[in-house]
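The residues making up each chain are set out below.
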Amino acid sequence: MQKRYPEWVNTEVILKALKMREEGILSERLNMWIENLLEINHER
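Throughout this description, residue numbers start from 1 for each chain and increase along the sequence as written. Confidence filtering applies because this is a predicted model: local features only for residues at pLDDT of at least 70, side-chain atom pairs given and counted only at 80 or more, and all residues used for totals across whole chains, interfaces and linings. Side-chain numbers here rest on the full set of heavy atoms in the structure, without hydrogens or water.

Here's the deal with the pattern of salt bridges
Opposite charge on two side chains permits pairing when their charged atoms draw close. To keep it simple, the criterion reads: Criterion for a salt bridge: a side-chain nitrogen of Lys or Arg within 4 Å of a carboxyl oxygen of Asp or Glu. Helix and strand definitions here come from DSSP, where helices need a minimum of 4 consecutive H or I residues and strands a minimum of 2 consecutive E residues; each element is numbered from the N-terminal end. Categorising residues by exposure relies on relative accessible area from a 1.4 Å probe, with only protein chains included: less than 20% of the type maximum marks a residue as buried, more than 50% marks it as exposed, and the intermediate range marks it as partly exposed.
Summed over the entire model, instances satisfying the criterion amount to two salt bridges. Where Glu23 meets Lys19, a salt bridge forms, and the shortest distance between an N and an O atom there is 2.6 Å. You can see Glu23 and its partner Lys19 sitting in helix α1 (residues 11–23), four residues apart, about one turn around the helix. Residue classification places Glu23 among the partly exposed positions, given a relative accessible area of 44%. For Lys19, a relative accessible area of 52% puts it in the exposed group. Of the charged contacts, one joins Arg21 and Glu35 as a salt bridge, the two residues approaching to 2.9 Å between their closest N and O atoms.

Shown next as structure tokens:
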């Protein structure tokens, strides 16, 4: 199955999401999305 991403995803959107993630203000759902998109491994 091919992954589908919204057309509006661009560098500015990703950088803003990463900044919000670092500040701890990104929602859990968006955090999981950005981790999946960028293949970020995390320890919980």
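The rest of the description comes next.
Let's talk about the environment of Leu18
Put simply, the rule is: Any two residues whose heavy atoms approach within 4.5 Å are treated as being in contact.
When you line up the elements, Leu18 lands in helix α1. A relative accessible area of 24% means that Leu18 is categorised as partly exposed. Residues Leu18 and Ile34 lie 16 residues apart in sequence; the distance between their C-alpha atoms is 7.7 Å. Apart from residues no more than four positions distant in its own chain, Leu18 is found in contact with Ile34, Leu38 and Ile40.

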